[in-house]
Structure formats: structure tokens, C-alpha cells
Amino acid sequence: MGIDAGGTMTDTFFVRGDGRFVVGKAQSNPGDESFAILESSQDALAHWDRDVDAVYPELVTCVYSGTAMLNRVVQRKGLEVGLIVNRGFEQVHSMGRAIQSYLGYALEDRLHLNTHRYDEPLVPLSRTRGVTERTDVQGEIVIPLREDEVRRATRELVEAGAKAIAICFLQSHKNETSELRARDLCREELARLGVDIPVFASVDYYPQRKESHRMNTTILEAYAAEPSRQTLKKVSERFRKHGAKFDLRVMATHGGTISWKAKELARTIVSGPIGGVIGSKLLGEALGYENIACSDIGGTSFDMALITKGNFAIASDPDMARLVLSLPLVAMDSVGAGAGSFVRLDPYSGAIKLGPDSAGYRVGTCWPDSGLDTVSVTDCHVVLGYLNPENFLGGAIQLDVQRARDHIQAQIAGPMGLSVEDAAAGVIELLDLQLREYLRANISAKGYSATDFICFSYGGAGPVHTYGYTEGVGFKDVIVPAWAAGFSAFGCACADFEYRYDKSVDVALPQLAADADKAAACATLQAAWDELAEKVVEEFVINGFAPQDIILRPGYRMQYMGQLNDLEIDSPVGTAAAAEDWDRIVDAFEDTYARVYASSARSPELGFSVTGAIMRGLVATQKPTLPEDEEAGPIPPAAARIGSRPFYRHKTWIDATVWKMESLLPGNRVRGPAIIESDATTFVVPDGFETLIDKHRLFHLREVK
């Protein structure tokens, strides 16, 4: 089972032993995610005439992805954390990095200082304490730790109301001695006080360079991960209540899955969109596609990622919730525009502005029980005939078309002097244009051409907008899976059970280094791998796996000396010891560099620098297989046709044929104008477009003359 608990909808994806699967959908429930998962499960299993009490006990495993932890950070509803740092550096967390003042801003706001702002820090100065200690950039302790100051700081933080304590010293990634001693002293003092609160030392979790990134991530572990663990515990208990026997896993930022009991739970801060990338990779491997543009539209955002030569990139120091972090994260680009985005007129220019805030699970003003009075993109969908107001979420909630029209008239159409239909159509065209240019720009900015890529379109709102944001881009093919609404949950079911640990290292060699120097560089890298392997094995043992069941895969980050950005590489050698091992490590980097940039951009004359060591451990898991049905010819069966519905596009109403998605057969061709409906999503095929369903139940969309 895979779960994608988004801000708007909660999707579930069930896979049987024969590889067949079914998708369920329900409105998200921020107050109790476990209840929304239960409702979504019931919706899915109804297609098989089964219920949760029968199926949950049969589940081999379940993978969760969601945004609860991210929302907790954004809304500043985390644990009260205390912070211990080097004396004189108490302001580092509050100051942050300059980039944090404009992260997530549009270009026009990034350009002007007067629009920049800093968010409230996760830890205020009142719960920050400095202690005397200094380790230099080479890892030498030049001022020993004053242990009495650590004990005093611990007492003061407890008195200040801290419910967890984070410790982050300068250069601790080079020498962990002082920070680990401070951690032990802190725990001893807490035990003496009879206070049971967790202590987080940065080197136990994220021993990497860049103090702001490492500090933010360690604080995040205390601030948001521990409270989120309670949410996951509630989800796990709900499963157990209905007979489940599996241990709940969570999608991690690096693309693997970890147990909800894992030590480094901050790695799951954002996981839903990552599931879609993992699903796209598996689908691409099955179909022989090497270059894929992944595009995911939900209620609140548009997320995209690129898979090139069968691989996706990993960012080592990404940003999330306007914080710079030290987490390995599948490289993705996001824009705050989705089907639930609010639509407003800019008070100064009078232009339409979309988002970045959204209706979330409340859909829009078209849902009478939403309590909303601001127009959303979904209101425009309903007014234009894209969505069936009687079949939203399979009819679970009824939408009021006239209510949406009234709000669009008052807020958008009236002030702009347009008809309701033209105003709504303008909103959709503007959103499609923004997404199309965003997609095109992200591909070309990385030096690629869209003509070399297949585009996968998914997410609950993906199929509604597929034609709009892919038109004219020039993709080889545009594919909408029949299970697009639950595609990220599908990706969760595809992911390996994997733990990953990273560590900063500093190894630099010229192009023509002596064999002895190459062997020494290998020894440094191997020592880091050994250290990380112990942590990986420890996590799996906690989850009941024997060390011999674990497949260890070392990796590293490397760059040409003097360059700013490094690349993550899967190691071509299992162990590094000799000069020839170093040569293979360099060759693998240069091959990857040529793939990501170009062969002509390689610069071996600069020398090579290893900046980080990576160790991944995984165990084999059962994965879904693609359905393969017999082709039934190009003409859809009469039973698949539901009827017709007026559809507004290009300033005119036309009748679109409405088809039931589940009743269409492989080989069928559907020419627009057409609307293909399922309980979970709606696929729009306007005039000038045609879609073909293949044997895997993938819809191929193309423009026709």
C-alpha cells in the first residue's frame, strides 16, 4: 500500500500479489490524517468489493508520504527547542543566510531588498545558549570545551521551557569530540534534574559542512520531526486497529523509504512529490524511456523533476520552508500554483494573480460547506464544464456551479469587464501558460531540449491541465497514467526500503597524482564509508533485519577543484583502497559530468575534489508491476460513453463527449473535444487533441491537425 497525504487530497494505492492495483481518494483531514487514510482506503477497496478489515491484515508493507511535517514548520507549530552553540555565535540561527530572506519569492520580489523578510527563527534567542569551545577549520581543538558551562546552559534551557535540546558547534563535522562530549554532559545534567527530554547533536545526524544548513536541519529534527513521529504513530495505530501487521514506512527525501521509528525522521519533511519521481523512474525503466520530465499538479503546487539517462539528481543542501538544510533531496522545482490556488486581482495593476495560497482540502467556493469566499482555480474548472459537479470525488461532495459563478462574477469578471466564462477561461489559460513556461525554462536551463523527453503528467489535477501546459513544448510523447491521481502513492509503493547517511570529507588531488596519494585518498573515503555503514546497519537492525540481508551501496560527491557545485555519484567500487580504485572513482564522476552538462565541459586539468561520502543500505521489497491488457481496437465500447457536457474554450461553448475512464480499453482512440472521467480525476482532451490508450493503461496525448 502507498499513501500520499497531501494538503488537499489523501490518495491511497493498493497493489495485489499479481501486480494489479487500485487507487482511492478522500479529502485530507489535517486534524486526523489516519481518518483520511482510512476513508481513502475504503474508496479504493470498494473497486474490488473488499473492505479495510479484510485487506489491512493481508498487507505486506505500507509506505506513507505527506506534508504534515512541512506544514508544522511553515505554521511554526513545533516543539519548544533549546539550542547550545559556541559562545559568541548565539545569533547564527536567527541571522540565517541571506538567501533565506527571499526563498520562495517571485523574481520581481527577489530583485528588491524592501520585499525581503526573515521568518521567525525556529529557536528564539531566549532559548539559545553559548558555551566556550573552539575547533578550527582543520579539526584541531584550540579552545577546550568548558564543561561547567554546558551543565549551566542545560539547566537554564530547562528553566526556559525547552522540550528538546539541539547542539551544534563550529567545525564539528571535522572533529566531533567536543560536540559529543557536550551531548553526554547535557544528558547527564538532564538525568540529574529528573527531566526526560531528547538531545540532538548535529554530528549524530548531519555531520556536514555549512553551519547554517547543519544547524537548521538538527533543529528541525527536534522541532518538527519528533512531533510528526506522534502523527505517524497515530496512523500506525489506526492500521493495527484494523488488523494490520506491517511496520509503517515513510518516503524519505532521497527517494528511499525508512521506518517511522527511524532516528533521522527529518529526512521525511517532504515526500509526496518525491513519490511521483520514483514512480516515473520505475515506469520509465519498464517502458525503456531514459529521459523523462515529471510533472505533478495537486491542489496547492506544481512540482517538476527531470530524469536523464534513467537517473534523477540529488541536491545535497536544498531549501525547504524557507530554510537552508543539509538533507539529500531529489532535485525538484516547485511553484505554488495548483487546482486549489486562490485567484485574486492585484490591487495595483488589476492583473489576475494566482496563489501562492490555496483552498487546500476545502476545494473552492463551489463547495457550499467550504466556508470560503475567495475564488479558486477549481471554481473556474466547474464553471467551464471541465469538472462534473455531481461526480467530484466520486460524488462524495456536491459542487454548486451557480455559487462559483456568483463569486467569479463579483471578484474577477465584474471588475475586469468580462463575462464569467471568459474570466474563468482566462484564469485557466494563465495558469497553463505559467506552468508551460516554467516547464520549458527548467528543461532548457539545464541544457536540454524538450524534444528529447517524454512528459509524464500526473497528480489529481494533472490530467485536467495536461493539454494546456504541454501544448507546443515539443515533447516526444505526453503520457497520463490511468492512475494519475494516485501516482505519488504508486511511487511510494515502488520505493526501496532504504536508509542513507552522508558525511562531509575533504579529499583533493591533481589530475596526475602519484599512486601513493591516490591510495591515501581512497583510505580517507573508505574510513568515512565504514563509519556510515555502521549507522545504516544499526537502523535496519532496529527494524528487525539481519546484517546479511542488507545491500550496502557506497557513493560520494565530487567536483573539479575550484568549482562551486558537486555531483552525487554511485561508487563504481565496493571498497576503495588502491590507486586503480581512485581512477575508477574519477572516471565515474567524469562520465556523470558529461551526462549532466556536456563532454566538452569536463575540466580534469583542474584536479578532483571529493566533498562528501554517502552510504545507502537497502533490502529487497515487493513492487507493483504494470498491467498488460489485450488491445481491443481503436473504437471505444459504447458502454464507456456516459454522454456529453458543454465545454467552454476559445470563447465558445462546444459539446464534449464524456467517457468513463475505467471502461475504455487498450487500443481505443478518443478524439477531442472529450472529457474522460474517473472518481479520482478528470482527463480533458479538447478539440485539436487525441489520446490513445496503450496496453498498460497509459493515455498518450498528442496534437492533431
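Residues numbered from 1 in each chain as written. Predicted model: local features only at pLDDT ≥ 70, side-chain atom pairs only at ≥ 80, totals over all residues. Heavy atoms only, no water.

A. Looking closely at the layout of surface pockets. Considered as a void within the structure, the second largest pocket measures approximately 520 Å³ in volume. Forming the boundary of the second largest pocket are 19 residues, of which Phe 21, Val 22, Val 23, Glu 662 and Arg 697 lie nearest the centre. Broken down by class, the residue content of the lining of the second largest pocket amounts to 10 nonpolar, 3 polar and 6 charged. (1 Å grid on protein atoms, 1.4 Å probe; cavity = no way out; pocket = protein on both sides within 12 Å on 5 of 7 lines; lining within 4 Å. Points joined across faces, edges and corners; volume = space filled by probe spheres on them. Nonpolar A, V, L, I, M, F, W, Y, C, P; charged D, E, K, R; others polar.)

B. How the structure looks around the pairing of strand S29 (residues 641-649). Where S29 and strand S30 (residues 652-660) come together, 8 bridges link them in antiparallel fashion. Counted as the bridge partner of Arg 649 is Thr 652 from S30. The turn linking S29 back onto S30 is made up of 2 residues, and His 650 within it adopts a positive phi angle of 55°. (Pairing = 2+ DSSP bridges. Helix = DSSP H or I, 4+ residues; strand = E, 2+ residues; numbered from the N terminus.)

C. Fine view of the environment of Ala 166. Within the secondary structure, Ala 166 is located in strand S9 (residues 164-167). Once the C-alpha coordinates of Ala 166 and Gly 82 are considered, the two residues, 84 residues apart in sequence, prove to be 6.2 Å apart. If we ignore the near neighbours within four places in the chain, the residues touching Ala 166 are Val 81, Gly 82, Leu 83, Ile 84, Phe 200, Thr 218 and Ile 219. (Contact = heavy atoms within 4.5 Å.)

D. Representation of the domain arrangement of the protein in the model. What the domain assignment reports for the protein is domain 1 (76-226) and domain 2 (497-619). One C-alpha centre belongs to domain 1, the other to domain 2; they are set 28 Å apart. Counting from both sides, the interface comprises 8 residues of domain 1 and, opposite them, 8 residues of domain 2. Together domain 1 and domain 2 conceal approximately 670 Å² of surface at their shared face, both sides included; 30% is due to carbon and sulfur atoms. If you sort the residues of domain 1 by the area they bury against domain 2, Pro 207, Gln 208 and Arg 209 come out on top, with a joint share of 61%. (Domains from an automatic or database assignment. Buried area = accessible area lost by both parts, 1.4 Å probe.)

E. Seen up close, the pattern of salt bridges. Counted according to the given criterion, the structure contains 41 salt bridges. Between Asp 317 and Lys 210 there is a salt bridge whose closest N-O contact spans 2.3 Å. Taken together, the residues Asp 317 in the loop between strand S16 (314-315) and strand S17 (319-320) and Lys 210 in the loop between helix H8 (202-205) and helix H9 (211-241) connect sequence positions 107 residues apart. Since its relative accessible area comes to 31%, Asp 317 is described here as partly exposed. What makes Lys 210 partly exposed here is its relative accessible area of 35%. Where Glu 471 meets Arg 649, a salt bridge forms, and the shortest distance between an N and an O atom there is 3.9 Å. Here Glu 471 is found in the loop between helix H14 (462-470) and strand S24 (477-481), whereas its partner Arg 649 is found in strand S29, with 178 residues between them in sequence. (Salt bridge = Lys/Arg side-chain N within 4 Å of Asp/Glu carboxyl O. Buried < 20%, exposed > 50% of the residue type's maximum accessible area, 1.4 Å probe, protein only.)

F. Local environment of helix H12 (residues 401-416). At Gln 409, H12 shows its largest bend, some 50°. What H12 keeps buried is the set Ala 404, His 407, Ile 408, Ile 412 and Ala 413. In the core, the buried residues of H12 are packed alongside strand S21 (341-345), strand S22 (352-358), helix H11 (377-384) and helix H13 (420-445). A distance of 3.1 Å separates the backbone nitrogen of Gln 402 from a side-chain oxygen at the start of H12, and that oxygen is part of Asp 400. Gly 417 sits one or two residues past H12 and shows a positive phi near 70°. (Bend = angle between axes of the 7 residues up to and from the residue. Polar contact = N/O pair within 3.5 Å; in protein donor to acceptor, adjacent residues only side chain to side chain.)

G. Structural detail: empty space enclosed by the protein. This structure, assessed with the given rule, holds 3 cavities of 30 Å³ or more. If you add up the space inside the largest cavity, you get close to 120 Å³. His 93, Gln 100, Asp 119, Pro 121 and Leu 323 are, among the 14 residues lining the largest cavity, the residues nearest its centre. Residue composition of the lining of the largest cavity, by class: 5 nonpolar, 5 polar and 4 charged. A volume near 80 Å³ is recorded for the second largest cavity. Around the second largest cavity sit Tyr 64, Gly 66, Thr 67, Ala 68, Met 69, Ser 228, Thr 231, Leu 232, Val 250, Thr 268 and Ser 271, which together line it. Contributing elements (two or more residues each) for the lining of the second largest cavity: strand S4 (63-66), helix H3 (68-74) and H9. Per-element accounting of the lining of the second largest cavity gives the leading share, 3 residues, to H9.

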